[in-house]
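# Summary of the model geometry
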Amino acid sequence: MSGRPKQGIDYAGWSVDIFDGDKKIDKLLDAKGWKGFGIYFFLCQRAYRVNGYFYEWGYDDCATTARKMGGGISSGTVKETVDYCLQVDLFDKRLFDEWGVLTSRGIQRRFWTVLSERRNKTVYSEYWLLKPEECKGLVKVNLFSNVQPTNDHLQGTDNDSPPIKESKVNKKIYIAFQPEVEQAFQLYLLVRENNYGSIIPEQVEALREELVSLTSDPGKQLTIVKKATSWGTKGFEDTEKKTKSRKPQKSRFNNYTGRDYDMNALELQMLGGNNE
């Protein structure tokens, strides 16, 4: 679908000498055997498939992971293996403890090999581990504004992208969208700020609440955000009810009456000069 940025990747290359020159893999095989390596490999592949460079996962997901893998692997073996991978830095322990995601520099290097060939080179700054010189042309966006890290991953989730996280500082609930919707939302904020001036964090949260009040379906949320970006509006509307009557508002960012908005075109105009 035109204008819809892809999140996961279809292929991730692994070094042919992974069993010859990687001491971390040697340690994993020595401590947990081939079952341990299989669990590590499975979780890496889930990261590549779902979000490209990270996988939202918690200990309550151990049983689900074991069931999906089969082969006599137990939930206890999954937990022990993940703990060991965190210990030897096959997964980044800080990001797991703070944000409940499994990722590593190695995962992100393989992801960047694919992402560098795409027009959309956007990642979450909170999750990204590579240095700027390792990924020139990358665009970083905030996961969501004014939120402190949380270890909510200790409680299992039913999907790959939980819609709500809670700050440990003031217990206020912040709404976070699925990655694809979040990227579109961040681009919308840039257009809105250009059209109407600066926006404070409280207004950003109000916009998130407004979008959720219209629909909880990520696909419909994405459509609403893209339409609002195209029209240059201050807020969101139910596009199924308003599309026929709404006339696009002209701005220097949008002049596309009579057709769906191409988010990639906007991204190139707005983010093309922000490469690291």
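Remember, it's a predicted structure, so these values are computed and weren't measured experimentally.

The helix and strand tally for the protein stands at 11 helices and six strands. The buried share of the protein, taken over its 276 residues, is 48%. Of the contacts made within the protein by residues no fewer than 6 positions apart, 63% connect residues no fewer than 24 positions apart.

When the terminal C-alpha atoms of helix α9 (residues 218–231) are compared, their 20 Å separation across 14 residues agrees well with the 20 Å that a helix rising 1.5 Å per residue should span. Burial within α9 is extensive, with 10 of its 14 residues counted as buried. The distance from a side-chain oxygen at the start of α9 to the backbone nitrogen of G219 is 3.1 Å, and the residue carrying that oxygen is D217. Within two residues after α9, G232 carries a phi angle of roughly 70°, on the positive side.

Next up on the list: the pattern of salt bridges. Applying the stated rule across the entire model yields eight salt bridges. Between K24 and D89 there is a salt bridge, with its nearest N and O atoms 3.5 Å apart. Here K24, found in helix α2 (residues 23–50), pairs with D89, found in the loop between α4 (75–87) and α5 (93–99); they are 65 residues apart in sequence, far enough to count as distant. Take K24: its relative accessible area is 32%, and that puts it in the partly exposed class. Among the ionic pairs, R208 bridges to E182, the shortest N-O distance being 2.9 Å. Residue R208 is located in helix α8 (residues 201–214), and its partner E182 is located in helix α7 (residues 179–196); the two are separated by 26 residues in the primary sequence.

Right, let's get into the packing of α2 against helix α3 (residues 62–69). Here α2 crosses α3 at 100°, and the two axes come no closer than 11 Å. If you check the angle between α2 and α3, you find them roughly perpendicular. Taking contact as the criterion, the partners of G38, I39, F42, L43 and R46 in α2 are, on α3, T65, K68 and M69.

Turning to the environment of Y196, a few remarks are in order. When you line up the elements, Y196 lands in helix α7. Taking the C-alpha atoms as reference points, Y196 and K234, 38 residues apart in sequence, are found 7.7 Å from one another. Within the structure, the side chain of Y196 is placed 2.7 Å from the backbone oxygen of G232, a separation counted as a polar contact.

Looking at the element boundaries, N51 is found in the loop between α2 and β1 (55–56). N51 sits 72 residues away from V123 along the chain, and the two C-alpha atoms are 9.8 Å apart. Within the structure, the side chain of N51 is placed 3.4 Å from the backbone oxygen of F54, a separation counted as a polar contact.

Another point: the nonpolar core. Counting 48 residues, the largest nonpolar core has Y40, L43, W57 and F91 as its most contacted members. For this core, the secondary structure elements donating two or more residues are α2, α3, α4, α5, β2 (101–102), α6 (105–115) and β3 (122–124). At 11 residues, the largest contribution of residues to this core is made by α2. Formed by 15 residues, the second largest nonpolar core is a distinct cluster that contains F185, V204, L222 and F236.

In the contact formed by α8 and α9, the axes pass within 10 Å of each other and the chain directions differ by 125°. Considering their axes alone, α8 and α9 lie oblique with respect to each other. In the crossing of α8 with α9, the sense of the turn from one axis to the other is right-handed. Only Q221, I224 and V225 of α9 make contact with α8, whose side of the interface consists of L211, V212 and L214.

Looking only at α6, the buried set comprises G106, I107, Q108, R110, F111, W112 and L115. In this structure, the buried side of α6 is in contact with α2 and β3.

Here is what the cut-offs are and how they apply
- Residues numbered from 1 in each chain as written.
- Predicted model: local features only at pLDDT ≥ 70, side-chain atom pairs only at ≥ 80, totals over all residues.
- Heavy atoms only, no water.
- Helix = DSSP H or I, 4+ residues; strand = E, 2+ residues; numbered from the N terminus.
- Buried < 20%, exposed > 50% of the residue type's maximum accessible area, 1.4 Å probe, protein only.
- Contact = heavy atoms within 4.5 Å.
- Expected span 1.5 Å × (residues − 1).
- Polar contact = N/O pair within 3.5 Å; in protein donor to acceptor, adjacent residues only side chain to side chain.
- Salt bridge = Lys/Arg side-chain N within 4 Å of Asp/Glu carboxyl O.
- Axes fitted to C-alpha atoms, helices over the stretch in contact; angles between N-to-C directions.
- Parallel < 35°, antiparallel > 145°, perpendicular 65-115°, else oblique.
- Core = buried A, V, L, I, M, F, W, Y, C linked by side-chain atoms within 4.5 Å.
- Left-handed = near helix turned anticlockwise from the far one by under 90°.

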